[in-house]
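# Examining the three-dimensional arrangement
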Amino acid sequence: MKKAKLNSVIRKLSAYFGKPFDRKTNSPGILEILIGTKLSQNTTDRSSFRAYTNLREKFPSWEDVCEADTEEIRECIKVCGLAKTKSENIKKMLSEMKSNYGTLDLSFLKEYDDDKIYDELLRYDGIGVKTISCVLMFAMRRDAFPVDTHVHRVLNRLGIVSTNSAEKTFEATKDIIPKGRKYELHTNLIKFGRNICRSKNPLCSICFLFRECEFSEKEIYRKSPGGRKTGNNNFIILENI
Ligand code: SF4
C-alpha cells in the first residue's frame, strides 16, 4: 500500500519537476560533497555555493585549505553565515583525515561497500548519516537516500512514513523506494518541500499531491489566504559542485 502510494508520488513529482540531470557526468569528489554539505548548514544553497566557490578560488587544493589559517578560511566563507564554526569544523575535519590517512585523496573509499563507508565517516565530528548518504549519492552515484528536514516533513505529511526524526525516516524508507529512483525522489522532494509543502504556510490550495496527503491541517491551509507562492527555489548546491 505504502509502496503503491510512493510510486504514485514519485511519478507526480517527476511530472511536475522533471527528471534530474544525467548523473553519469560531472561527478564531484568526496571532499567536495563533505565540505559543500558543511557549508550548506543553516543557510540557503545559493549562499553556501558562493562560499564554496570563494574557497575553491582562493585555495587550489584541499591540502591548501588544510594548511591555511582558520581565519583565512573564515574570510572566504563568511557569505554563508556561521563562518567561525564552519571554518573551524572544516579545518578540524581535514586535519584529522590527513593525520588518519596520510592524504586527503579519499578515493579509496570508493572500494568500500555502503556500510563500511558509513562506519568510516561516522568517526568524524559533524558527519552524520545524512551527510554520508549525500557522499554516496552525489560523489559515488550510488542508490542512497539522504533524508533532510524537507524530505522528512513531506514524507510524514503524505503518510508514507510516520516518524518523529529524520534518522527514523531514513530507516523507514530504506526498503520501500524502488531501485534506481532514490536520487530523483530525493531532489524532487527537496524542491517540493521548499516551494509547495513548506514548513510554514504549505501551499495546499495548489498542491498536486492534495489527494494523497494525510496532513491533518491540509483543509485549513487549502482555504488559508496566507499561503502565497514564492520564487523558484530549486537550486541544490550538491548538484552544482
Ligand atoms: S496538501 Fe499541503 S501538506 Fe499535503 S503535501 Fe500538499 S502542500 Fe503538503
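Residues numbered from 1 in each chain as written. Predicted model: local features only at pLDDT ≥ 70, side-chain atom pairs only at ≥ 80, totals over all residues. Heavy atoms only, no water.

## Remarks on the overall build of the protein
A count of helical and extended segments in the protein gives 13 helices and 0 strands. When the helices and strands of the protein are listed from N to C terminus, the series reads α-α-α-α-α-α-α-α-α-α-α-α-α. For 241 residues, the compact-globule formula gives about 18 Å, and the C-alpha radius of gyration of the protein, at 19 Å, lands near that figure. Considering only C-alpha atoms, the protein reaches an extent of 55 × 40 × 30 Å along its principal axes. Residues classed as buried in the protein amount to 50% of the 241 residues present. Here the contacts in the protein between residues at least 6 apart in sequence split such that 68% fall between residues at least 24 apart. For the protein, the exposed area adds up to about 12,100 Å²; of that, 48% sits on carbon and sulfur atoms. Charged side chains of the protein number 43 positive and 32 negative; the gap between the two group centres comes to 9 Å. (Helix = DSSP H or I, 4+ residues; strand = E, 2+ residues; numbered from the N terminus. Rg over C-alpha atoms; globule rule 2.2 N^0.38 Å. Buried < 20%, exposed > 50% of the residue type's maximum accessible area, 1.4 Å probe, protein only. Contact = heavy atoms within 4.5 Å. Areas by Shrake-Rupley, 256 points an atom, 1.4 Å probe, with all protein chains shown as cover. Lys, Arg positive; Asp, Glu negative; His and termini not counted. Charge placed at Lys NZ, Arg CZ, Asp CG, Glu CD.)

## Thoughts on the site of the ligand
If you check the shell around the ligand, you find Arg157, Leu158, Phe192, Cys197, Pro202, Cys204, Cys207, Phe210, Cys213 and Phe215 and nothing else. For the shell around the ligand, a count of residues per class yields 9 nonpolar, no polar and 1 charged. (Near = heavy atom within 4 Å. Nonpolar A, V, L, I, M, F, W, Y, C, P; charged D, E, K, R; others polar.)

## Re helix α5 (residues 70-77)
Side chains three or four residues apart in an α-helix point the same way, a direct result of the helix having 3.6 residues per turn. For α5, the full list of buried residues reads Ile73, Cys76 and Ile77. Take α5 and look down its axis: the buried residues cluster within an arc of 85°, on one side only. Its buried side turned inward, α5 meets α2 (30-39), α3 (45-58), α4 (62-67) and α6 (83-101). (Arc of directions from axis to C-beta.)

## As for the pattern of salt bridges
Following the criterion strictly, the structure yields 15 salt bridges and no others. Among the ionic pairs, Lys5 bridges to Glu214, the shortest N-O distance being 2.7 Å. With Lys5 in helix α1 (residues 2-17) and Glu214 in the loop between α11 (182-195) and α12 (218-223), this pair connects stretches of sequence that are 209 residues apart. Taking the shortest distance from any N to any O, the salt bridge between Glu184 and Arg181 comes out at 2.8 Å. In this structure, a network of salt bridges that share partners links the residues Lys92, Glu96 and Asp125. (Salt bridge = Lys/Arg side-chain N within 4 Å of Asp/Glu carboxyl O.)

## Some points on the domain arrangement of the protein
Domains assigned within the protein are domain 1 (2-21 + 145-240) and domain 2 (30-139). Computed over C-alpha atoms, the centres of domain 1 and domain 2 are 27 Å apart. Between domain 1 and domain 2, the contact holds 15 residues from the first and 16 residues from the second. Summed over both sides, the interface between domain 1 and domain 2 buries roughly 1,400 Å², with carbon and sulfur atoms accounting for 79% of that surface. The largest share of the area that domain 1 buries against domain 2 comes from Phe235, Ile237 and Leu238, three residues that together contribute 50% of it. Our enumeration of links across domain 1 and domain 2 arrives at 1 salt bridge. In this structure, the salt-bridge partner of Asp45 is Arg194, at a minimum N-O distance of 3.0 Å. (Domains from an automatic or database assignment. Buried area = accessible area lost by both parts, 1.4 Å probe.)

## Considering the environment of Arg142
Relative to the helices and strands, Arg142 resides in the loop between α8 (129-139) and α9 (149-158). Since its relative accessible area comes to 19%, Arg142 is described here as buried. Polar side-chain contacts of Arg142 include one of 3.1 Å to the backbone oxygen of Lys110. (Polar contact = N/O pair within 3.5 Å; in protein donor to acceptor, adjacent residues only side chain to side chain.)

## So, α9
Summarising burial for α9: 8 of the 10 residues are buried, a large majority. All of the buried residues along α9 are His150, Val151, His152, Arg153, Val154, Leu155, Arg157 and Leu158. In this structure, the buried residues of α9 make contact with α1, α10 (166-173) and α11. For α9, the side-chain oxygen to backbone nitrogen distance between the N-cap and His150 is 3.1 Å, and the N-cap itself is Asp148. Just downstream of α9 lies Gly159, where phi reads positive at about 85°.

## What to know about unusual backbone geometry
At Asn42, a position not held by glycine, the phi torsion is positive, near 60°. Here Asn42 shows up in the loop between α2 and α3. A positive phi is found at Leu82, a non-glycine position, where the angle reads about 50°. Relative to the helices and strands, Leu82 resides in the loop between α5 and α6.

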